[in-house]
Amino acid sequence: MPGAPRNLIIAATGASGAVFAREILRAVENDARVKRADFIASDGALRVFAEELDITGRNDLVQQLLGKRSRKITQHSNGNIGATIASGSYPVDAMIVLPCSMGTLARIANGLALYLIERAADVCLKEQRKLVLCVRETPLNKVHIRNMQYAADAGATIFPVVPTFYNHPIDSNEMARQFVCRVLGHIGLPQKDAYAWSGKAKKK
């Protein structure tokens, strides 16, 4: 696909939904159009990975999530504010935060770039690159809603984690895969196994 993003940043934060982070890394790893991906997991994300996927530790996190060694994904420490992706001179086409906690949203929306995830997001906004925030919280209070507006006004896309059911997913992994397909399609990476609504009910 001409113009498809080649260099991505994927970040995972401390909201529930580790399966979504795992599935987007798998999709990016298997998509030949993506040449390089940089991955950041916050401390909160590490705890969620442990609780929801039984994955522990910081070392070889990408390999644990993929189930194999990656050919293109580089992991960064969230505390490394001097990493390559903290600079606008580093070529990046899009950044996806999945899942995006309300704390991460608040820091991005208000320009508080104390950690690498927020700094990389801030760089995407200032360089007018695609930034997709897959927020995950319910119910939403007025602070959450206001921060979503601030982030959207700054140029981010607010893409709530809302799985579909009209495709009759067989389990949570399939729900996550189809949501990831929607997110990647939104940034110009349509996935071949994405379910497309035809206007007719799916036959059982």
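One structure accompanies this document, and this report is about it. (Residues numbered from 1 in each chain as written. Predicted model: local features only at pLDDT ≥ 70, side-chain atom pairs only at ≥ 80, totals over all residues. Heavy atoms only, no water.)

Some details on a nonpolar patch on the surface
Here is step 1: Residues Leu112, Leu114 and Tyr115 make up a contiguous nonpolar surface patch of about 340 Å² in total accessible area.
Here is step 2: Tracing the backbone through its elements, the reader meets tyrosine 115 in the loop between α4 (102–109) and α5 (116–126).
Here is step 3: The exposure class assigned to tyrosine 115 is partly exposed, which follows from its relative accessible area of 43%. (Patch = residues over 30% accessible without salt bridge, like charges linked within 9 Å, V, L, I, M, F, W, Y side chains within 5 Å. Areas by Shrake-Rupley, 256 points an atom, 1.4 Å probe, with all protein chains shown as cover. Salt bridge = Lys/Arg side-chain N within 4 Å of Asp/Glu carboxyl O. Helix = DSSP H or I, 4+ residues; strand = E, 2+ residues; numbered from the N terminus. Buried < 20%, exposed > 50% of the residue type's maximum accessible area, 1.4 Å probe, protein only.)

As for the sheet that holds strand β3 (residues 73–77)
Here is step 1: Taken in spatial order, the six strands line up as β3-β2-β1-β4-β5-β6 in an open sheet, and their pairing is parallel. Two strands bound the open sheet, and with one partner strand each, they are β3 and β6 (157–158). (Pairing = 2+ DSSP bridges.)

As for the packing of aromatic side chains
Working definition: an aromatic ring pair is given by the centre-to-centre distance plus the angle between the planes.
Here is step 1: Scanning all chains against the criterion turns up four aromatic pairs.
Here is step 2: Centre to centre, the rings of phenylalanine 20 and phenylalanine 179 are 5.5 Å apart; their planes meet at 85°, and the pair counts as edge-to-face. Note that phenylalanine 20 is positioned in helix α1 (residues 18–30) and phenylalanine 179 in helix α7 (residues 172–186), a separation of 159 residues in sequence.
Here is step 3: Both rings, one in tyrosine 166 and one in tryptophan 197, keep their centres 5.6 Å apart while their planes meet at 65°; by these two values the pair is edge-to-face. Of this pair, tyrosine 166 sits in the loop between β6 and α7 while tryptophan 197 sits in the segment after α7, and the two are 31 residues apart along the sequence.
Here is step 4: Following the ring pairs from residue to residue traces out a cluster consisting of Phe20, Phe159 and Phe179. (Phe/Tyr/Trp six-rings, centres within 6.5 Å; stacked < 30°, edge-to-face > 60°.)

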